[in-house]
Amino acid sequence: MDFSLTEEQTIIVDMVRRFVRDEILPLEMGLDPDADEVSPEILTQLTEKTKAMGLYGLDTPPEYGGPDIDMVTRVLIAIECSQHRAGIYVPCYGAFGGARQAQLFEATASQKEKYLYPMLRGEKRVFFGLSEPSGGSDPARSIQTRAVRDGNDHWVLNGTKLWISGADRADYGLVFARTGGEGRSGVTAFIVETSWPGFNVSRVVHTLRSAKYATEIQIDNLRVPHENILGEEGGGFAIANDRLARQRVPYAAECLGAAIKAHEMAVEYSKIRETFGASLSSRQGIQWMLVENEIDIRAARLLVLDAAAKSDKGLPFRTESAIAKLVCSENAFKVVDRSMQIHGGLGVAKDLPLERWFREMRIRRIGEGPSEVQKHVIARDIIGSSLR
Amino acid sequence: MAVRLEKSWIDLNISNVAKVAGHLGVYELANKNGEIVYIGVADATSNFGLREKLERELQHPRFGACRFRVEINMAYRTRHTELLQVYLYDQNKLPVGNEDTNPKTLGRLRPGGSIGQS
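Here, residues in each chain are numbered from 1, in the same order as that chain's written sequence. The naming scheme follows written order: chains are lettered A onward, ligands numbered 1 onward. Local features in this predicted model are restricted to residues whose pLDDT is 70 or higher, and side-chain atom pairs enter the listing and the counts only when it is 80 or higher, whereas totals over whole chains, interfaces and linings include all residues. Think of the side-chain values as coming from all heavy atoms in the structure, minus any hydrogens and water.

Chemist: What am I meant to see in the overall build of chain B here?
Modeler: Counting from the N terminus, the helices are the DSSP runs of H or I reaching at least four residues and the strands are the DSSP runs of E reaching at least two. Helix and strand counts for chain B come out as 4 helices and 4 strands. Listed by position from the N terminus, the elements making up chain B come as β-α-β-β-α-β-α-α. Taking 13 Å as the expected radius of gyration for a compact globule of 118 residues, we find that chain B reaches 13 Å, a close match to that expectation. Its C-alpha atoms put chain B at 35 × 30 × 25 Å along the principal axes. Here the term buried applies to any residue with accessible area under 20% of the maximum for its type, exposed to any over 50%, and partly exposed to those in between, with areas from a 1.4 Å probe on protein chains only. Out of the 118 residues belonging to chain B, those deemed buried represent 52%. In this description, contact between two residues means that some pair of their heavy atoms is separated by no more than 4.5 Å. Sequence separation of 24 or more characterises 72% of the internal contacts of chain B that already satisfy a separation of 6 or more. Only the protein chains shown count as covering a residue, and every accessible area follows the Shrake-Rupley method with a 1.4 Å probe. Surface summary for chain B: the accessible area is close to 5,900 Å², and the carbon and sulfur share equals 49%. Considering chain B, the positive charge centre built from 16 side chains and the negative charge centre built from 13 side chains are found 2 Å apart. Values of the radius of gyration come from C-alpha atoms, whereas the globule rule sets the reference at 2.2 Å times the count of residues to the power 0.38. The sign given to each residue is positive for Lys and Arg and negative for Asp and Glu; His and the chain ends receive no count. Where a charge sits is defined by one atom per residue type, namely NZ (Lys), CZ (Arg), CG (Asp) or CD (Glu).

Chemist: Explain the nonpolar core here, please?
Modeler: Side chains of a nonpolar character, in soluble globular proteins, are inclined to be buried together. In terms of nonpolar packing, the biggest core is built from 61 residues, with Val 16, Phe 96 and Val 304 of chain A touching the most fellow members. Sorting the residues of this core by element identifies helix H1 (7-28), helix H3 (71-81), helix H6 (236-272), helix H7 (284-312), helix H8 (318-343) and helix H10 (354-364) of chain A as the ones contributing at least two each. The element that contributes the greatest number of residues to this core is H6 of chain A, accounting for 11 residues. The split of the chain into domains comes from an automatic or database domain assignment. Per-domain counts for this core show at least three residues from each of domain 1 (7-103) and domain 3 (241-383) of chain A. Ignoring anything within four residues of it in the chain, the contact list for Phe 96 of chain A reads Val 16, Phe 19, Thr 50, Met 53, Leu 55, Tyr 56, Gly 57, Leu 58 and Cys 81 of chain A. Core analysis: the second largest hydrophobic core is formed by 45 residues, Ile 143, Phe 176 and Ile 229 of chain A together with Val 3 of chain B among them. What makes a nonpolar core is a set of buried Ala, Val, Leu, Ile, Met, Phe, Trp, Tyr and Cys residues whose side-chain atoms join them at distances within 4.5 Å.

Chemist: How should I be thinking about helix H11 (residues 371-383) of chain A in this particular structure?
Modeler: Residues and elements named next belong to chain A. Expected helix span is computed as 1.5 Å times (number of residues minus one). With 13 residues, H11 ought to run about 18 Å at 1.5 Å a step, and its terminal C-alpha atoms sit 18 Å apart, in line with that. What H11 keeps buried is the set Ser 371, Gln 374, Val 377, Ile 378, Ala 379 and Arg 380. Gly 384 occupies a position one or two residues after H11 and carries a positive phi of about 125°.

Chemist: Looking at this structure, I do not really get the environment of Val 96 of chain B. What am I missing?
Modeler: All names here are of chain B. Structurally, the position occupied by Val 96 is in the loop between helix H3 (76-91) and helix H4 (103-106). Classification of Val 96 by relative accessible area gives partly exposed; the value is 42%. Those residues within four positions of Val 96 in sequence are excluded, and the remaining contacts are Val 37 and Phe 63.

Chemist: So what exactly am I meant to see when it comes to the side chain of His 263 of chain A here?
Modeler: All names here are of chain A. With respect to the element layout, His 263 can be found in helix H6. Relative accessible area serves as the criterion here: at 9%, His 263 is assigned to the buried category. Of note is the side chain of His 263, whose polar atom sits 2.9 Å from the side chain of Glu 294. The contacts of His 263, once residues within four sequence positions are left out, are Leu 290, Asn 293, Glu 294, Ile 297, Val 335 and Ser 339. Polar contact is the term for a pair of N or O atoms within 3.5 Å; when the atoms are in protein, one must be able to donate a hydrogen and the other to accept it, and sequence-neighboring residues count only if both atoms are side-chain atoms.

Chemist: Help me out: how do you make sense of the packing of aromatic side chains in this one?
Modeler: Aromatic rings considered in pairs are described by the distance between their centres and by the relative angle of their planes. All names here are of chain A. Aromatic pairs are defined between Phe, Tyr and Trp rings, using the six-membered ring for Trp, whenever the two ring centres lie within 6.5 Å; interplanar angles under 30 degrees are classed as stacked, those over 60 as edge-to-face, and all others as tilted. Scanning the model with the defined rule gives 10 aromatic pairs over all chains in all. Aromatic pair Tyr 64 and Tyr 117: ring centres 6.4 Å apart, planes at 40°, arrangement tilted. Highlighted residues: Tyr 64 in the loop between helix H2 (40-52) and H3 and Tyr 117 in helix H4 (residues 109-120), separated in sequence by 53 residues. Take Tyr 64: its relative accessible area is 23%, and that puts it in the partly exposed class.

Chemist: Which parts of the structure should I look at to understand the interface of chain A and chain B?
Modeler: Often the size quoted for an interface is simply the accessible area lost on bringing the parts together. On the chain B side, the residues contacting the 24 residues of chain A number 22 residues. When two components associate, each loses some accessible surface as probed by a 1.4 Å sphere; the sum of these losses over both components is called the buried area. Between chain A and chain B the total buried area reaches about 1,800 Å² when both faces are included, carbon and sulfur atoms providing 50% of it. What makes a salt bridge here is a side-chain nitrogen of Lys or Arg within 4 Å of a carboxyl oxygen of Asp or Glu, nothing more. There are 2 salt bridges connecting chain A and chain B. Its salt-bridge partner being Asp 36 of chain A, residue Arg 77 of chain B comes within 3.8 Å of it at the nearest N-O pair. Where chain A meets chain B, there are 14 residue pairs in polar contact (both at pLDDT 80 or more). Here the term charged refers only to Asp, Glu, Lys and Arg, the term nonpolar to Ala, Val, Leu, Ile, Met, Phe, Trp, Tyr, Cys and Pro, and the term polar to all other amino acids, Gly among them. Residue classes in the side of chain A that touches chain B are distributed as 9 nonpolar, 7 polar and 8 charged.

Chemist: Looking at this model, I keep getting lost on the pattern of salt bridges. Mind explaining?
Modeler: Proximity of charged atoms lets side chains of opposite charge pair with each other. Residues and elements named next belong to chain A. All chains considered together, the criterion is met by 34 salt bridges over all chains. A salt bridge links Lys 114 to Glu 193; its shortest N-O distance comes to 3.7 Å. With a gap of 79 residues between them, Lys 114 in helix H4 and Glu 193 in strand E5 (residues 187-193) connect regions that are remote in the sequence. The class of Lys 114 is partly exposed, set by a relative accessible area of 46%. Between Arg 298 and Glu 294 there is a salt bridge, with the nearest N and O atoms lying 2.9 Å from each other. In this pair, Arg 298 and Glu 294 are both assigned in helix H7, 4 residues apart and thus about one turn of the helix distant. Arg 298 gets classed as exposed once you look at its relative accessible area, which sits at 56%. One network of salt bridges, in which partners are shared, links Asp 34, Lys 350, Glu 355 and Arg 359.

Chemist: Help me out: how do you make sense of the packing of H8 of chain A against H10 of chain A in this one?
Modeler: The description of two helices packed together rests on the angle between their axes and the distance between the axes. All names here are of chain A. Their axes nearest at 9 Å, the elements H8 and H10 cross at an angle of 155°. Looking at the two axes, H8 sits roughly antiparallel to H10. Crossing angle aside, the handedness with which H8 passes H10 is left-handed. Taking contact as the criterion, the partners of Lys 325, Ser 329, Ala 332, Phe 333, Val 336, Asp 337, Ser 339, Met 340 and His 343 in H8 are, on H10, Leu 354, Glu 355, Trp 357, Phe 358, Met 361, Arg 362 and Arg 364. Of the residues assigned to the contact of H8 with H10, the class counts are 8 nonpolar, 3 polar and 5 charged. Helix axes use the C-alpha atoms of the stretch in contact, all axes being lines fitted to C-alpha atoms, and the angles between their N-to-C directions lie in the range 0 to 180 degrees. Angles are sorted into four bins: roughly parallel if under 35 degrees, roughly antiparallel if over 145, roughly perpendicular if 65 to 115, and oblique for all others. The sense of a crossing depends on the near helix, which, turned anticlockwise from the far helix by less than a right angle, makes the crossing left-handed and, turned clockwise, makes it right-handed.

Shown next, in the form of structure tokens:
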């Protein structure tokens, strides 16, 4: 398959690369190494530039004002956007529009008016409440949050959500709860406002990363209007699943961006660092590490572009997106690890971005479905339904 | 890990601050009534972490702070946010020294348990 860039893609990649080099990297020099946001004033300045580039709202469909780009171009942008210290979890500090809750595009007209458009205008923040202490990779079985009908107009929700990013600062979000029996048909998606009584963000979950930190939500007799069901009753799993499959591809590409940068740094450092009278780059042990980096990056790049190309052609791409996520996150972790090793003590210091990438890439092998779950998905697709 | 910082207060003076290591983490300052007047963070832009931050507080006293407590924490950014959110939940306002933080963008926590001031 030919993955050479079109003229338009070449222009876009160059534009984004310049933006990262000229706007983000100098800005980052003055920030804490774990910073995950810039001031509203600076963010406004940055977004004005991405809007001028025609690339604001990368994950917003064109009919809602987003750029008309295909998945391959989206992947190429993701690879470029993530080549800075905060790039894995906060590419360009949200200058390209940040994350969107894609499910809200499936909302009714009145739900869109109330919830979708304020989100698109950047006036409201949203969260995605799927995972629970009982598990996140198998929501059809693990969801224990329960919604019980109360008369014709309301539902009452009770349960706990865990690993939910941004819930403490959100205005509303999606909460998936069991309205029926076991399995996927028993799960319904509700749009929940965080100011409603019974919705409690009980703690921040501190992890290896600061960026896009997770929270725990306690839901205690939360009354939700029936009109706030998103999609159909019992249709929540399909809504969640669609999101996870689509987001997996640019998610994989973001891993790759940081790996590319780490590898570049390792190559340069190996040429200037001398030990025992010779440069590191002249040592076979170091050369092989650099070779392994190069192979890991190239293989991952081809696989993520393959998944994106299948998506663009309207072909099934679940297996390809799982392979891309698995290989990109695993390979990128190895690349960052080797690059740290080549840098010696400097590699683990906060002077360089490698230590942050190492921590965040470790999470990346678990987030959006751990590697083992991706293997389960791939195995299910190649062997058949017997694994279900 | 407790959501609230529930360590004992230490007098803010030269000898006590000198005992603090240069780790990254969070700290709280209190006035003579035991009221928290500032919740701070020693992030990786500081050369000597918590000790440097507290030395500055000694050099430029503010808000009537006379006691401190620290928590070494590599997740200093999220922990700082959490402490501010918890204080806002408990007191319905921010410490006097943190009033430049916008409560609307800070986020909201509704943790269980009792108010952790001592």
